[in-house]
Amino acid sequence: MKLLKTLFSVGAISAMSICSLNSLIPSSAKAQAPDGRYEIQGTQILFYPATGGDPLLVYKGTGKATQIINYNGAIYTAFEGGRIYRSPDGQGLGGSGRTTLVYSG
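Everything numeric here is computed off the predicted structure, so don't read it as measured data.

Asks: Before we move on, could you go through the packing of aromatic side chains and cite the residues and values that matter?
Replies: The full count for this structure, using the stated rule, is three aromatic pairs. Ring plane angle 90 degrees and centroid distance 5.7 Å describe the contact between Phe79 and Tyr85, whose orientation is recorded as edge-to-face. By the ring-pair criterion, three or more aromatic residues cluster together here, those being Tyr59, Phe79 and Tyr85. Sitting over the ring of Tyr48, Arg37 keeps its end group 4.1 Å from the ring centre.

Now the structure itself:
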């Protein structure tokens, strides 16, 4: 987990570095985040669907996200202070819904 936090903080995260973390997630927690891109805007995160259309607000909170990575169908979001969350469906990126805290910083 410390390696994951470090890679997020320097912007060098790769699919290989979170592969071991993803293997620890129970299959019941696996889903598929929709295709598109996530964009950090202040303390909000917007999702822009690949099919076009208006962006969707997927996070609005007090914590500032520093990086978002889509890996193996799940969205990993790192926040200032070191917290890292995993969202199987791309919703509730700051810890609500099916999103879980995978590293507390």
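Okay, back to it.
Asks: A description of unusual backbone geometry should follow, citing residues and the corresponding values.
Replies: Although it is not a glycine, Asn72 adopts a positive phi angle of roughly 55 degrees. Note that Asn72 resides in the loop between strand S4 (65-71) and strand S5 (74-79).

Conventions we followed
Residues numbered from 1 in each chain as written. Predicted model: local features only at pLDDT ≥ 70, side-chain atom pairs only at ≥ 80, totals over all residues. Heavy atoms only, no water. Phe/Tyr/Trp six-rings, centres within 6.5 Å; stacked < 30°, edge-to-face > 60°. Lys NZ or Arg CZ within 6 Å of the ring centre and 35° of its normal. Helix = DSSP H or I, 4+ residues; strand = E, 2+ residues; numbered from the N terminus.

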